[in-house]
Amino acid sequence: MASTDARLWGLLRPHRGKVLFALLCAGLSALGMGAYAFLAGPAARALVQGGSLDLGSMGEGLLPEAVVEAFSRSLLGAVPMLLIAAALFRAITSAGFNLLISAAVVEAAGALRSRVFDRLLRGDPAFFDAQGTGELVSRIGSDIATVEQSGQQVAITLSKDVSQALALLLVCASIDLRLFAASTVVVAATVVPTKRFADALRGIGKEQLAALAEIGRKAEQMLRNHRIILAYGSEAHRIRGFAEANESLLSIMRRSLLWRAAYTPLMEVMGVIGLAAAIAWAGRSMLQGSLPPESVLSFAAAALMLYQPLKAIGTLGQQLAQLRGAAERCFELLDAPDAVVDRPGATELPPPREVRLEKVTVRYGEKVALREVDLYLRAGETVALVGESGAGKSTIANLLLRFVEPAEGRVTFDGKDIREASLASLRASIGYVPQETVLFAGDAKTNLSCGAKIPLERLEAAARAANAEAVIEAIGGYEGDFAEGGKNLSGGERQRVGVARALARDARILILDEPTSALDAENDALLQEAFARALAGDRIGLLITHRLRSLSGVDRVVVLAEGRVVEEGRPEELVARGGRFAQMLALEAA
């Protein structure tokens with residue numbers, strides 16, 4: 001797998017035009033800075049001695065002869081104009097550089113954000129359960145913001161500051177190669193401590209991002225479960241938990257501050273010592289007569305100007321550590337393996353007339369959820385799955401939707417293994433109503449259609465069939481908005497909207513997973529009426545429930561226990577047998 005740096009460059013590759021022009025602007029801006037330093041000595045000499053601006057031997061080999069002669073003939077009054085011209089040139093090229101490089105990095109970060117969101121959306125549902133909402137929100141939010149901010153700083157340092165340092169070193173080389181060698185040693189001497197600090201800060205940066213994610217997770221849990229926390233008086237427990245997470249973050253940040261506090265001053269001291277030694281050498285050479293005064297002045301100007309880009313380069317280790325740490329957390333999401341993906345050559349699946357589970361075993365880690373289950377479902381028939389919690393009922397729904405894969409056996413639609421079909425066509429044939437209907441903040445039309453292009457007439461028919469018309473009218477019709485999570489509706493109203501959503505899909509298979517487990521009698525009756533309409537006709541109906549009084553109109557009952565099918569038949573037949581189903585019915589009636 002490519003390194004983190006290579007993958008970051010891969011994000012910039014689509015914007016390489018902007019990057020190349022930004023590098024050109026950075027180079028031109030650096031030449032302007034070099035011109036400042038190069039002209040400093042001759043300009044100072046002209047100011048002190050008067051007369052023309054004589055570059056002498058300084059320009060030989062570095063500038064064209066015609067340019068050297070023109071400068072030498074120019075009057076002292078030209079010096080301000082040269083400085084103004086250089087300033088304008090640097091301002092224009094610097095502005096172009098900042099605009100282009102920032103635009104490239106921001107667009108690359110935006111592309112990464114979209115890729116992470118797409119990966120999360122299409123990822124394995126089990127991955128969400130393992131990571132937690134707060135952790136994932138932190139990665140798509142603060143981690144990518146860190147990539148964007150640190151990426152801009154790194155790009156500016158690597159291009160603008162490095163090019164300025166090279167230009168100023170070139171000026172030093174044009175004056176005296178020995179001084180140039182000394183300046184180069186100064187720059188090279190910072191490499192080893194820079195790497196050591198960068199490695200330490202990189203690890204600390206990843207710890208800090210993880211701690212921030214944990215704080216986000218605890219805050220998200222508090223906001224989502226606020227009423228439960230108050231009802232059970234667990235405020236003090238939650239406050240302690242948040243305080244511990246906050247203290248953990250502060251501890252990491254203290255370590256980070258110690259490293260950062262030591263890093264920048266150390267780089268500055270090393271740089272200043274080296275530059276001071278080089279200037280002392282230049283001054284000694286001038287006193288000995290081996291170096292003209294104007295050359296010493298130009299070198300001193302270049303050395304002083306070199307301080308700022310070297311200081312910025314000295315912080316590169318910190319910036320890279322932050323960038324790599326945040327980027328690695330994002331790439332971890334992109335690289336997470338999918339449990340369920342389309343196989344090569346996956347085909348479109350037509351609406352089935354028969355569904356079969358053939359000797360299916362499902363495991364969640366070490367836990368066996370289903371054991372060699374055989375089950376068939378036919379069009380025009382409604383089958384109820386009943387059993388105690390943990391018996392494996394919802395796992396069968398997850399199998400049909402391919403949220404999980406069988407460890408053994410197979411699931412077929414009309415004799416075809418569903419693993420050979422595309423996920424999109426498979427799920428298009430299923431309408432799913434979970435135990436807790438999820439509604440998104442937004443209008444009723446979008447919630448019922450889930451973004452698909454469904455005619456309004458079909459949405460209205462689905463709402464009528466699900467007894468959800470009054471619910472939608474109460475919020476202002478199909479353009480009216482639901483609150484996030486449907487908090488402006490009752491539980492029964494949310495479930496009816498969920499049934500309407502499944503019916504609007506017009507799918508062959510309808511799965512109802514514990515849809516009436518927490519409803520009062522009135523809402524239960526409305527939903528039972530909606531189910532009767534929904535399951536009529538040529539659909540394959542699968543009702544998952546532990547409330548046996550909800551089984552009116554069911555053609556067949558399958559009883560699960562400990563992941564196995566223990567009974568199967570028509571409701572009245574199972575009652576007559578006096579087995580597990582009859583016992584469950586008697587317990588419910590008691």
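Undergrad: How do you make sense of the overall build of the protein chain when you look at a structure like this?
TA: From N to C terminus, the protein chain includes 21 helices and 12 strands. Expressed as a percentage of its 590 residues, the buried residues of the protein chain come to 46%. Sequence-distant contacts, at least 24 apart, represent 76% of the contacts inside the protein chain between residues at least 6 apart. On the protein chain, roughly 29,100 Å² of surface is accessible, and the fraction owed to carbon and sulfur atoms is 60%.

Undergrad: What exactly am I supposed to notice about the sheet that holds strand β12 (residues 564–569) here?
TA: Sheets are built from strands that pair by backbone hydrogen bonding, the pairs being arranged parallel or antiparallel. Strand order in the open sheet formed by 6 strands is β6-β9-β10-β3-β11-β12, and the pairing between neighbours is mixed. Each edge of the sheet is formed by a strand with only one pairing partner; in this case those strands are β6 (430–433) and β12. Sheet twist, expressed as the mean angle between neighbouring strand axes with direction ignored, is 15°. Packing of helix α13 (residues 393–400) onto the sheet brings it into contact with β3 (381–386), β6, β9 (509–513), β10 (540–544) and β11 (556–561), and relative to β10 it is tilted by some 145°. Helix α21 (residues 580–589) rests against β3, β11 and β12 of the sheet, and its axis sits at about 90° to β11.

Undergrad: Just checking my understanding: could you explain the confidence of the model for the protein chain for this structure?
TA: Regions with low pLDDT should not have their predicted coordinates read in detail. Looking at the protein chain, the pLDDT average stands at 80 and 81% of residues meet or exceed 70. The secondary-structure element of the protein chain with the lowest mean pLDDT is helix α3 (residues 65–73), recorded at 54, while strand β4 (residues 408–413) shows the highest, at 95.

Undergrad: Is there a simple way to explain the layout of surface pockets in this structure?
TA: Over the atoms, a rolled probe matching the size of one water molecule traces out where space is still vacant. For the second largest pocket, the calculated volume is near 440 Å³. In terms of lining, the second largest pocket is formed by 21 residues, of which the most central are L12, G151, V154, A155 and L323. Of all elements in the fold, only α1 (4–12), α2 (16–49), α4 (78–122), α6 (133–175) and α12 (316–335) reach the threshold of two or more residues within the lining of the second largest pocket. Considering every element that reaches the lining of the second largest pocket, the biggest residue donor is α6, with 7 residues. Split by residue class, the lining of the second largest pocket holds 16 nonpolar, 2 polar and 3 charged.

Undergrad: For this particular structure, what's the right way to read the side chain of R419?
TA: Assignment of secondary structure puts R419 in the loop between β5 (416–417) and α14 (423–428). Looking at R419, its side chain comes within polar contact range of the main-chain oxygen of G409, at 3.3 Å. For R419, the residues in contact, after removing those within four places along its chain, are R343, R402, E405, P406, G409 and R410.

Undergrad: Quick question: what am I supposed to make of the packing of α1 against α12 here?
TA: When two helices pack together, their arrangement is given by the angle between the helix axes and the distance between those axes. Contact geometry of α1 with α12 gives a least axis separation of 10 Å together with a crossing angle of 80°. Between α1 and α12, the interaxial angle falls into the category roughly perpendicular. Here T4, D5, R7, L8 and L11 of α1 lie close against α12, whose contacting residues are L323, R324, A327, E328, F331, L334 and D335. Grouping the constituent residues of the contact of α1 with α12 by class yields 6 nonpolar, 1 polar and 5 charged.

Undergrad: Mind showing me how you'd approach the sheet that holds β5 here?
TA: Taking strand neighbours across the sheet as the criterion, the 4 strands line up as β2-β1-β4-β5 in an open arrangement whose pairing is antiparallel. The sheet is open, and its two edges are formed by β2 (367–378) and β5, each paired on a single side. Looking at chain direction, β4 and β5 are connected through 2 bridges and run antiparallel. Looking at the pairing, T412 lines up with D417 of β5. α13 rests against β1 (354–364), β2 and β4 of the sheet, and its axis sits at about 115° to β1.

Undergrad: For this particular structure, what's the right way to read the packing of helix α16 (residues 456–465) against helix α18 (residues 491–504)?
TA: Close contact between α16 and α18 brings their axes to 8 Å; oriented N to C, the two are set at 135°. The orientation of α16 with respect to α18, classified from their angle, is oblique. For the pair α16 and α18, the crossing hand works out as right-handed. From α16, R458, L459, A462, A463 and A465 reach across to α18, where they touch A500, L503 and A504. In terms of residue class, the contact of α16 with α18 is built from 7 nonpolar, no polar and 1 charged.

Undergrad: I would appreciate a short explanation of the pattern of salt bridges in the present structure.
TA: Inspection of the entire model under this criterion finds 20 salt bridges. Measuring nitrogen to oxygen at the nearest pair gives 3.3 Å for the salt bridge that ties R356 to E354. Taking the shortest distance from any N to any O, the salt bridge between E381 and R378 comes out at 4.0 Å. Classification of E381 by relative accessible area gives buried; the value is 11%. For R378, a relative accessible area of 37% translates into the label partly exposed. One salt-bridge network, in which partners are shared between bridges, spans R378, E381, R556 and E568.

Undergrad: Please explain the nonpolar core as it appears in this structure.
TA: As a rule of thumb, nonpolar side chains are buried together in soluble globular proteins. The biggest cluster of nonpolar side chains holds 39 residues, and the ones touching the most others in it are V386, L551, V557 and F581. The residues contacting V386, other than those within four sequence positions of it, are K393, T545, L548, L551, V557, V558, V559, L560, F581 and M584. Residues V362, I418, L426 and V558 belong to the second largest nonpolar core, which totals 33 residues.

Undergrad: Just checking my understanding: could you explain empty space enclosed by the protein for this structure?
TA: Taken as a whole and judged by the stated rule, the model has 2 cavities of 30 Å³ or more. Taken as a whole, the second largest cavity holds about 30 Å³ of empty space. Together, L399, E405, P406, R410, V411, D417, I418 and R419 line the second largest cavity.

Undergrad: Even after reading the chapter, I still don't get the pairing of β9, so can you show me in this structure?
TA: Regular strands have side chains that alternate between both faces of the sheet. Burial runs high along β9: 5 of the 5 residues are buried. Here β9 shows no split at all, with I509, I511 and D513 on one side and L510 and L512 on the other all buried. Pairing between β6 and β9: 4 bridges, direction parallel. Paired with V433 across the strands is L512, a residue of β9. Both β9 and β10 contribute to a ladder of 5 bridges, which runs parallel. Along β10, the bridge assignment pairs I509 with I540.

Procedures and definitions
- Residues numbered from 1 in each chain as written.
- Predicted model: local features only at pLDDT ≥ 70, side-chain atom pairs only at ≥ 80, totals over all residues.
- Heavy atoms only, no water.
- Helix = DSSP H or I, 4+ residues; strand = E, 2+ residues; numbered from the N terminus.
- Buried < 20%, exposed > 50% of the residue type's maximum accessible area, 1.4 Å probe, protein only.
- Contact = heavy atoms within 4.5 Å.
- Areas by Shrake-Rupley, 256 points an atom, 1.4 Å probe, with all protein chains shown as cover.
- Pairing = 2+ DSSP bridges.
- Axes fitted to C-alpha atoms, helices over the stretch in contact; angles between N-to-C directions.
- pLDDT = per-residue confidence, 0-100.
- 1 Å grid on protein atoms, 1.4 Å probe; cavity = no way out; pocket = protein on both sides within 12 Å on 5 of 7 lines; lining within 4 Å.
- Points joined across faces, edges and corners; volume = space filled by probe spheres on them.
- Nonpolar A, V, L, I, M, F, W, Y, C, P; charged D, E, K, R; others polar.
- Polar contact = N/O pair within 3.5 Å; in protein donor to acceptor, adjacent residues only side chain to side chain.
- Parallel < 35°, antiparallel > 145°, perpendicular 65-115°, else oblique.
- Left-handed = near helix turned anticlockwise from the far one by under 90°.
- Salt bridge = Lys/Arg side-chain N within 4 Å of Asp/Glu carboxyl O.
- Core = buried A, V, L, I, M, F, W, Y, C linked by side-chain atoms within 4.5 Å.

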